[in-house]
Amino acid sequence: QVQLVESGGGLVQAGDSLRLSCAASGLTFSDYVMGWFRQAPGKEREFVAAISWSGANTFYADSVKGRFTISRDNGKNTVSLQMNSLKPEDTAVYYCAARSGAWHNFLVVATTNYDYWGQGSQVTVSS
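Residues numbered from 1 in each chain as written. Predicted model: local features only at pLDDT ≥ 70, side-chain atom pairs only at ≥ 80, totals over all residues. Heavy atoms only, no water.

Draft legend 1. View of the overall build of the protein. Helices and strands together make up the secondary structure of the protein, namely 1 helix and 11 strands. The secondary structure elements of the protein, listed N-terminal to C-terminal, are β-β-β-β-β-β-β-β-β-α-β-β. Relative to the 2.2 N^0.38 estimate, which gives 14 Å for 127 residues, the radius of gyration of the protein is 13 Å and therefore close to what a compact globule would have. Once the C-alpha set of the protein is aligned to its principal axes, its extents read approximately 40 × 25 × 25 Å. Out of the 127 residues belonging to the protein, those deemed buried represent 42%. For the protein, contacts bridging at least 24 residues in sequence account for 61% of all contacts bridging at least 6. (Helix = DSSP H or I, 4+ residues; strand = E, 2+ residues; numbered from the N terminus. Rg over C-alpha atoms; globule rule 2.2 N^0.38 Å. Buried < 20%, exposed > 50% of the residue type's maximum accessible area, 1.4 Å probe, protein only. Contact = heavy atoms within 4.5 Å.)

Now the structure itself:
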C-alpha cells in the first residue's frame, strides 16, 4: 500500500520560511517523479513544484520561482519543499504527489498525471 505523508506545515508570518517534508512508503521511490501542489479555500488545486527521479530536473510555478526549492533524498524516500519569503497568498493545504510517467514540464503540472497523493499539510501565512 502506497503512502505519502506530509509534515512541517504551520502558521508563520509573512517573510518567514517553512520546510515541508513528504515521506513515501510502499513504492520504489526513485522510480517516481515527485510533485508538490497546493489548494487554497475555494480554489482549485494548483501545481507548485516537481522534481525528476534523480533530482536532476526541477520545475516550478512562476508564483514560487526563486522562493521555493524542491529536493529529494532517494535513500530516505523523502521529498521536501523549502519555502522562503512566504506571502499571505501562499496560504493553502500543500500536497505531495507521485507520478510514474515521463518527465515533461507540461505533464508534471497536471494533477491528473499523478498516481498517488498525500493527505495534505496546512500552511498559513499571516500578514
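Draft legend 2. Broad picture of the packing of aromatic side chains. If you walk through the whole model with that rule in mind, you get 6 aromatic pairs. Seen in terms of ring centroids, Phe 37 and Phe 47 are 5.7 Å apart; in terms of plane orientation they differ by 75 degrees. Their pairing is edge-to-face. Taken together, the positions of Phe 37 in strand S4 (residues 33-39) and Phe 47 in strand S5 (residues 46-51) put the pair 10 residues apart, joining distant regions of the chain. Taken together, the ring pairs in this structure connect Phe 37, Phe 47, Phe 59, Tyr 114 and Trp 117 into an aromatic cluster. When the ring centre of Trp 117 is taken as reference, the NZ or CZ atom of Arg 45 above it lies at 4.9 Å. Geometry around Phe 29 places Arg 72 over its ring, the cationic atom sitting 4.4 Å from the centre. (Phe/Tyr/Trp six-rings, centres within 6.5 Å; stacked < 30°, edge-to-face > 60°. Lys NZ or Arg CZ within 6 Å of the ring centre and 35° of its normal.)

Draft legend 3. A look at the state of the cysteines. Across all of its chains, the model carries 1 disulfide by this definition. For Cys 22, the disulfide goes to Cys 96, at an S-S distance of 2.0 Å. Taking the torsion about the sulfur-sulfur bond, which here is approximately 40 degrees, the covalent link between Cys 22 and Cys 96 counts as right-handed. With Cys 22 in strand S3 (residues 18-25) and Cys 96 in strand S9 (residues 92-99), the pair connects residues that are 74 residues apart, well separated along the chain. For the pair Cys 22 and Cys 96, one class covers both residues: buried. (Disulfide = S-S within 2.5 Å.)

Draft legend 4. Just the side chain of Asp 90, in detail. Structurally, Asp 90 can be placed in the loop between strand S8 (78-83) and S9. In this structure the side chain of Asp 90 is engaged in a polar contact, spanning 2.8 Å, whose partner is the backbone nitrogen of Lys 87. Setting aside residues no more than four positions away along its own chain, Asp 90 makes contact with Arg 38, Arg 67, Phe 68, Ser 85, Val 123 and Val 125. (Polar contact = N/O pair within 3.5 Å; in protein donor to acceptor, adjacent residues only side chain to side chain.)

Draft legend 5. Layout of the pairing of strand S7 (residues 68-73). The side-chain alternation of S7 yields one buried face, formed by Phe 68, Ile 70 and Arg 72, and one unburied face, formed by Thr 69, Ser 71 and Asp 73. With 6 bridges joining them, S7 and S8 adopt antiparallel strand pairing. Bridge assignment links Thr 69 to a residue of S8, and that residue is Gln 82. The hairpin turn running from S7 into S8, its antiparallel successor, is 4 residues long, and Asn 77 in that turn takes a positive phi close to 55 degrees. (Pairing = 2+ DSSP bridges.)

Draft legend 6. Quick look at the environment of Ala 49. Turning to its location among the elements, Ala 49 is positioned in strand S5. In this structure the C-alpha to C-alpha distance between Ala 49 and Phe 68, which are 19 residues apart in sequence, comes to 8.2 Å. Residues in contact with Ala 49, not counting those within four places in the same chain, are Met 34, Gly 35, Trp 36, Phe 59, Tyr 60, Ile 70 and Leu 81.

These values are about where atoms sit, not about what they do.
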